[in-house]
Amino acid sequence: MTLSIETAQRQPKSAPATLQKNAIRVDGRLTMSREALDFKSFSSDCLYGPYHLPLNEIVKVETCWGKGAGILPITPDGIQVSLSNGERYQFIVADPQAWVKSLSS
């Protein structure tokens, strides 16, 4: 069986992550499949998420700073995902460059 280039580049990936929305931070799991980027909170009563971001709607992925209180840069381990409708999502992850590379392929 031969894998297509897209299949080879977009291997499923999953890791703990923190959603950052202004001053709010929510711990959960970020999962990338061949079709979408999904975030699900570890807490079942969380008001933020789950989020389902289809890969074909992602127009830009870049590294960003994780911020304390929504304003103070505290870690360079963030990624920002911009969608075609103008929405932006920020996640703090281990190895942000690998996530940017995977999502930009």
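Before going into details, it helps to say that this report is about the structure given with it. (Residues numbered from 1 in each chain as written. Predicted model: local features only at pLDDT ≥ 70, side-chain atom pairs only at ≥ 80, totals over all residues. Heavy atoms only, no water.)

Moving on, we get to the overall build of the protein chain. Each helix and strand counted, the protein chain has two helices and seven strands in total. Going from N to C terminus, the protein chain has its helices and strands arranged as α-β-β-β-β-β-β-β-α. The buried share of the protein chain, taken over its 105 residues, is 39%. The contacts of the protein chain with a sequence gap of at least 6 include a subset with a gap of at least 24, amounting to 37%. If you sum the accessible surface of the protein chain, you get close to 6400 Å²; carbon and sulfur atoms cover 52% of it. (Helix = DSSP H or I, 4+ residues; strand = E, 2+ residues; numbered from the N terminus. Buried < 20%, exposed > 50% of the residue type's maximum accessible area, 1.4 Å probe, protein only. Contact = heavy atoms within 4.5 Å. Areas by Shrake-Rupley, 256 points an atom, 1.4 Å probe, with all protein chains shown as cover.)

Looking now at the side chain of Q80. Relative to the assigned elements, Q80 resides in strand β6 (residues 72–83). Classification of Q80 by relative accessible area gives buried; the value is 12%. The residues contacting Q80, other than those within four sequence positions of it, are K60, V61, E62, C64, R88, Y89 and Q90.

The next point concerns the sheet that holds strand β3 (residues 36–41). Spatial strand order, β4-β3-β2-β1-β7-β6-β5: seven strands in an open sheet with antiparallel pairing. Each of the sheet's edge strands pairs with one partner strand only, and the pair in question is β4 (51–54) and β5 (58–68). Within this sheet the neighbouring strands show an average axis-to-axis angle of 35°, counted without direction. Relative to strand β7 (residues 88–92), β6 runs antiparallel, the two sharing five bridges. Residue pairing across strands places S82 opposite R88, the latter belonging to β7. (Pairing = 2+ DSSP bridges. Axes fitted to C-alpha atoms, helices over the stretch in contact; angles between N-to-C directions.)

Let's shift gears to the packing of aromatic side chains. Scanning all chains against the criterion turns up two aromatic pairs. Above the face of the W99 ring, K13 is positioned so that its terminal group lies 4.7 Å from the ring centre. (Phe/Tyr/Trp six-rings, centres within 6.5 Å; stacked < 30°, edge-to-face > 60°. Lys NZ or Arg CZ within 6 Å of the ring centre and 35° of its normal.)

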